[in-house]
Amino acid sequence: MFVNDCLNINEKGHLTIGGCDTVELAKEYGTPLYVLDENTIRTTCRSYVESFKKFYNGNGMPLYASKALSCKELCRIANEEHLGLDVVSGGEIYTAQQAGFPMEKTHFHGNNKTAAEIEFALNAGVGTFVVDNLYELELLNEIAGKLVKKAKISFRIKPGVDAHTHNFIRTGQIDSKFGFALETGEAFEAVKKALEYENVNLAELHCHIGSQIFDIDPFVTAAEIMMDFIGKIKDELGVTISNLNLGGGFGIMYVNSDEPVPYENYMEKVSVAVKAKAAEHNVPVPYIFIEPGRSIVGEAGITLYTVGGIKEIPNIRTYVSVDGGMTDNIRYALYQSDYTVVNASHADKEATQTVTVAGKCCESGDLVQEHTQVAPVTVGDTLAVLSTGAYNYSMASNYNRIPRPAIVMVNNGKSRVIVKRESYEDIVRNDI
Ligand SMILES: Cc1ncc(COP(=O)(O)O)c(C=O)c1O
Ligand SMILES: N[C@@H](CCCC[NH3+])C(=O)O
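From a predicted model like this one, the values you see are computed outputs, not experimental measurements. Chains are numbered independently. Their residues run from 1 in the order of the written sequence. The naming scheme follows written order: chains are lettered A onward, ligands numbered 1 onward. Where local features are concerned, this predicted model is filtered to residues with pLDDT of at least 70; where side-chain atom pairs are given and counted, the filter is 80 or more; whole-chain, interface and lining totals use all residues. Based on all heavy atoms of the structure, the side-chain values leave hydrogens and waters out of the count.

## What about the pairing of strand S4 (residues 33-37)?
As a general feature of sheets, a regular strand has side chains that alternate between the two faces.
Working step 1: Counting buried positions over the 5 residues of S4 gives 5, a clear majority of the element.
Working step 2: Inspection of the sheet shows S4 paired to strand S20 (residues 406-411) by 5 bridges, in the parallel sense. Its bridge partner lying in S20, Leu33 is registered against Ala406. Working definition: with a 1.4 Å probe on protein chains only, accessible area under 20% of the residue-type maximum means buried, over 50% means exposed, and in between means partly exposed. By the criteria applied, helices consist of DSSP H or I runs no shorter than four residues and strands consist of E runs no shorter than two, each listed in order from the N terminus. Only strands joined by at least two bridges in the DSSP assignment are considered to pair.

As structure tokens, then:
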């Protein structure tokens, strides 16, 4: 019935997550509230690690793309589950550091890393810099030289593969702000340049074709294109690239019509393609990294709200206002993303009412979902929005000076706060 196995309905007719009653969680911790199921997160991490063992002799490592949800506890879990970490800013590096994450297992992304971030990352011992452009390559070489360090680098390559997903989250095509294009020769020139620089060591090539992708074929095509490029580098420059990073982007279930592919199918198909290409080009089979973000935390998370005003506009629609909105979930406003909404107080009742769930911001576009079906709602009910674990907290804002919600982790009937709710004091903390 629900998009994830960790959800259920108890004898009171309330929605449960990880064995905890969501109405009770709302009472205990307040709303809006992000809730994450630990078992779901760990099980997904393990399925990625296992897929490397099963199909690729364990010759690779998944990196958790922490942009999906970065906080210390998630970094700790990623480490415990033997994942590395994809970080994209000084803030994400700092979070990993504070969590005691082994920094050599981090990959630092971003299309405009600042000099200060590069210096911070070098001093923090970040494992690999995924270089996005020539300016960054030069800057990194210079800063590494100044610090008497050698930076291990990767290049972000645009393989020219078109992934069928929302325009804002497609990244593999030539018209993208990320990375070096293959077809223009830009990527090959960058490789040659890197070989001239003293303080960088080119160890990897990277690509990422987009996010929320259900089809495995574009991933396989991208992997083949990257292997062809590795072959060209070997043939024309005599250089062996031993690591291949194939990015993230695996789709999850937001609504029942979404059909994610089991994640291990990905490794099964990609490993065959990579091994075949390695043989074709007579290069070693590379160590593979992948960077799942959404698929690790997305379905593990839900957001709980309390219903406030209900406004019925005859023959038009019924607005159900909740105590959060675009400040904790910007994704409908930004991408018109689908979500499943459940009246958690009456999860056993049929979803017969069509409503538009509105947030509390001073903004007409502050909607969580339009024309969605829920069990009849009354003031004070707890509403749950499902599959909000990824790109919700991490994209949250303080618009209208609304404090960010807490994150509670649940596990087999127990709950604990992993990120505290912001207070009004937090909101004015940096005001002079
Ligand atoms: C470079 C890179 N790696 C990994 C990810 C994570 O993608 P996803 O959350 O879709 O798995 C992204 C985001 O799209 C990305 O830009
Ligand atoms: N923030 C996007 C995904 C971006 C992926 C990062 N490159 C989303 O919510 O779907």
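## Remarks on the site of ligand 2
Working step 1: Residues are classed as near a molecule or strand on a simple rule: at least one heavy atom within 4 Å of it. Lining the immediate surroundings of ligand 2 are 7 residues, of which Arg294, Arg331, Tyr335, Tyr391 and Met395 lie closest.
Working step 2: Within the side chain of Arg331, a nitrogen or oxygen atom sits 2.5 Å from an oxygen atom of ligand 2.
Working step 3: A distance of 2.8 Å separates a nitrogen atom of ligand 2 from a polar side-chain atom of Tyr335.
Working step 4: Protein chains shield 82% of the accessible area of ligand 2, which is 310 Å² for the free molecule.
Working step 5: Charged residues are taken to be Asp, Glu, Lys and Arg, nonpolar residues to be Ala, Val, Leu, Ile, Met, Phe, Trp, Tyr, Cys and Pro, and polar residues to be all remaining types, Gly included. Of the residues in the shell around ligand 2, the class split is 4 nonpolar, no polar and 3 charged. Counting of polar contacts relies on pairs of N or O atoms within 3.5 Å, with two restrictions inside protein: one atom must be capable of donating a hydrogen and the other of accepting it, and residues adjacent in sequence are counted only when both atoms are side-chain atoms. Areas reported here follow the Shrake-Rupley algorithm with a probe of radius 1.4 Å; residue values treat only the protein chains shown as occluding.

## Notes on the packing of helix H4 (residues 90-98) against helix H5 (residues 115-124)
Working step 1: A fitted line through C-alpha atoms serves as each axis, taken over the contacting stretch for helices, and the angle formed by two N-to-C directions is quoted from 0 to 180°. Where H4 contacts H5, the two axes come as close as 10 Å, and the packing angle between them is 20°. In terms of their interaxial angle, H4 and H5 are classed as roughly parallel. Handedness of the H4/H5 crossing: left-handed. Residues Gly90, Ile93, Tyr94 and Gln97 of H4 pack against Glu117, Phe120, Ala121 and Ala124 of H5.
Working step 2: Classifying every residue of the contact of H4 with H5 by side-chain character gives 5 nonpolar, 2 polar and 1 charged. Roughly parallel means an angle under 35 degrees; roughly antiparallel means over 145; roughly perpendicular covers 65 to 115; every other angle is labelled oblique. The crossing is said to be left-handed when, going from far helix to near helix, the turn is anticlockwise and less than a right angle, and right-handed when the turn is clockwise. Whether two residues touch is decided by their heavy atoms; if any such pair falls within 4.5 Å, the residues are in contact.

## Observations regarding the environment of Val274
Working step 1: Within the element layout of this structure, Val274 appears in helix H9 (residues 263-281).
Working step 2: Sequence separation of Val274 and Met227 is 47 residues, and the distance between their C-alpha atoms is 6.8 Å.
Working step 3: In contact with Val274, not counting residues within four places along its chain, are Tyr56, Ala223, Met227, Leu244, Pro286 and Ile288.

## A few points about the environment of Ser242
Working step 1: Tracing the backbone shows Ser242 in the loop between helix H8 (217-237) and strand S12 (243-245).
Working step 2: By relative accessible area, which is 42% here, Ser242 ends up partly exposed.
Working step 3: A sequence separation of 166 residues divides Ser242 from Val408, and the C-alpha atoms of the two residues are 40 Å apart.
Working step 4: Residue contacts for Ser242: discarding those within four places in its chain leaves Ala203, Pro286 and Tyr287.

## Considering the UniProt feature "modified residue: N6-(pyridoxal phosphate)lysine" (unreviewed entry) in the chain
Working step 1: UniProt positions are given in the numbering used here, feature names are shortened, and annotations may be inferred rather than shown by experiment. Taking the numbering used here, the UniProt-annotated feature "modified residue: N6-(pyridoxal phosphate)lysine" (unreviewed entry) corresponds to Lys67.
Working step 2: Along the chain, the position of Lys67 falls in the loop between strand S5 (60-65) and helix H3 (72-80).
Working step 3: Apart from the residues within four sequence positions on either side, Lys67 is in contact with Asp86, Val88, Glu92, Tyr391 and Ser394.
Working step 4: One polar contact links Lys67 to Asp86, side chain to side chain, over a distance of 3.2 Å.

## What about the confidence of the model for the chain?
Note that predicted coordinates carrying low pLDDT should not be read in detail.
Working step 1: Within a predicted model, pLDDT stands for the predictor's per-residue confidence, ranging from 0 to 100. Here the chain averages 96 in pLDDT, while 97% of its residues score no lower than 70.
Working step 2: Taken together, the chains of this predicted complex give a pTM of 0.97 and an interface ipTM of 0.98.

## Examining the UniProt feature "binding site: pyridoxal 5'-phosphate" (unreviewed entry) in the chain
Working step 1: Under the local residue numbering, the UniProt record ascribes the feature "binding site: pyridoxal 5'-phosphate" (unreviewed entry) to Gly249, Glu291, Pro292, Gly293, Arg294 and Tyr391.
Working step 2: Relative to the helices and strands, Gly249 is located in the loop between S12 and H9.
Working step 3: Here Gly249 falls in the buried class, since its relative accessible area comes to 10%.
Working step 4: Here Gly293 is to be found in the loop between strand S13 (287-290) and helix H10 (294-297).
Working step 5: When its relative accessible area of 5% is taken as the criterion, Gly293 is described as buried.
Working step 6: With sequence-adjacent residues up to four places away left out, Gly293 is seen in contact with Tyr64, Ala65 and Ala68.

## Describing the site of ligand 1
Working step 1: Around ligand 1, the structure places 15 residues, and the nearest of them are His208, Ser211, Glu291, Arg294 and Tyr391.
Working step 2: With respect to ligand 1, the side chain of Ser211 contributes an N or O atom lying 2.4 Å from an oxygen atom.
Working step 3: Tyr391 is positioned with one of its side-chain polar atoms (N or O) 2.6 Å from an oxygen atom of ligand 1.
Working step 4: In isolation ligand 1 exposes 390 Å². Once the protein is present, 92% of that is buried.
Working step 5: Here the residues of the shell around ligand 1 sort into 3 nonpolar, 7 polar and 5 charged.

## With respect to the packing of aromatic side chains
Working step 1: Within 6.5 Å between ring centres, the rings of Phe, Tyr and Trp (the latter by its six-membered ring) count as paired, and their orientation is classed by plane angle as stacked under 30 degrees, edge-to-face over 60, tilted in between. All chains considered together, the criterion is met by 12 aromatic pairs.
Working step 2: Put simply, the rings of Tyr48, Phe219, Phe250, Tyr263 and Tyr266 pair up and form one aromatic cluster.
Working step 3: Over the ring of Phe108 we find Lys113; its NZ or CZ atom is 5.4 Å from the centre of that ring.
Working step 4: Charge over a ring is defined by NZ of Lys or CZ of Arg lying within 6 Å of the ring centre and within 35 degrees of the ring normal. Positioned above the aromatic ring of Phe188, the side-chain terminus of Lys232 is 4.4 Å from the ring centre.

## Quick notes on the packing of H8 against H9
Working step 1: Closest axis-to-axis distance for the H8/H9 pair is 9 Å, and the angle between their directions is 25°. Relative to H9, H8 is oriented roughly parallel. Relative to H9, H8 is oriented so that their crossing is right-handed. Contact residues: Phe219, Val220, Ala223, Glu224, Met227, Asp228 and Gly231 in H8; Tyr266, Lys269, Val270, Ala273, Val274, Lys277, Ala278, Glu280 and His281 in H9.

## Re the state of the cysteines
Working step 1: Disulfide: a pair of cysteine sulfur atoms within 2.5 Å of each other. Taken as a whole and assessed by the stated rule, the structure comprises 0 disulfides.
Working step 2: Of the cysteine sulfurs around Cys45, a residue in no disulfide, the closest is that of Cys75, at 12 Å.

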